[in-house]
Amino acid sequence: MKIMVQDQTIIIEQPRCVWVEQSPSSDEGIVASNSRRVPVLGKYATIDRAKEVLKEVFEYQRNGRCNFYMPQE
């Protein structure tokens, strides 16, 4: 599956690992990956929202969809 990162500067092939972590400098939630080129796929206002986006990525992949756009917020 291809993922367009949140700032729409690059499209990556889904890396092996995608996870949610809290931003070290704020309460934002980050959807991160093990991609060396683009470790942050998107930033969201809360960690709960980041978890929702991660779930959306998984559902797209599970349903055989080929492309996912990280939500702009």
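Located above this text is the structure these notes cover.
Below you will find a few notes about this structure. (Residues numbered from 1 in each chain as written. Predicted model: local features only at pLDDT ≥ 70, side-chain atom pairs only at ≥ 80, totals over all residues. Heavy atoms only, no water.)

1. A few points about unusual backbone geometry
We count it as follows: Numbering of helices and strands runs from the N terminus, with a helix taken as a DSSP run of H or I at least four residues long and a strand as a DSSP run of E at least two residues long.
Positive phi values are uncommon outside glycine, yet Q8 reaches one of about 55°. By the secondary structure assignment, Q8 is in the loop between β1 (2-4) and β2 (11-13).

2. What to know about the pairing of strand β3 (residues 18-22)
Quick reminder of the rule: We call two strands paired when DSSP finds no fewer than two bridges between them.
Two elements, β3 and strand β4 (residues 29-33), share 5 bridges in a ladder whose sense is antiparallel. Bridging across to β4, W19 finds its partner in A32. Hairpin connection, β3 to β4: the antiparallel pair is bridged by 6 residues.

3. Some details on the sheet that holds β2
The criterion, for reference: Between the N-to-C directions of two axes lies an angle of 0 to 180 degrees, each axis being a line fitted to C-alpha atoms and, for a helix, fitted only over the stretch in contact.
The strand order β2-β1-β6 describes an open sheet built from 3 strands, whose pairing is mixed. The sheet terminates laterally at β2 and β6 (67-69), the two strands that pair on one side only. Mean inter-strand twist for the sheet, computed between neighbouring axes without regard to direction, equals 25°. Here β1 runs beside β6; their pairing, made up of 3 bridges, is parallel. Each bridged residue has a counterpart across the sheet, and for I3 the counterpart in β6 is F68.

4. Observations concerning the pattern of salt bridges
The cut-off we apply is this: The rule for a salt bridge is simple: a side-chain nitrogen of Lys or Arg has to be within 4 Å of a carboxyl oxygen of Asp or Glu. Residue exposure (1.4 Å probe, protein chains only): buried if accessible area is under 20% of the type maximum, exposed if over 50%, otherwise partly exposed.
Under the counting rule described, the total for this entry stands at 5 salt bridges. Two residues, R49 and E52, come together in a salt bridge whose shortest N-O distance is 3.2 Å. Here E52 and R49 lie together in helix α1 (residues 47-62), a separation of 3 residues that amounts to about one turn. Residue R49 is classed as buried on the basis of its relative accessible area, which comes to 19%. When the shortest N-O distance is used, the salt bridge between E56 and R49 registers 3.3 Å. If you follow the salt bridges from partner to partner, you end up with R49, E52, E56 and E73 in one network.

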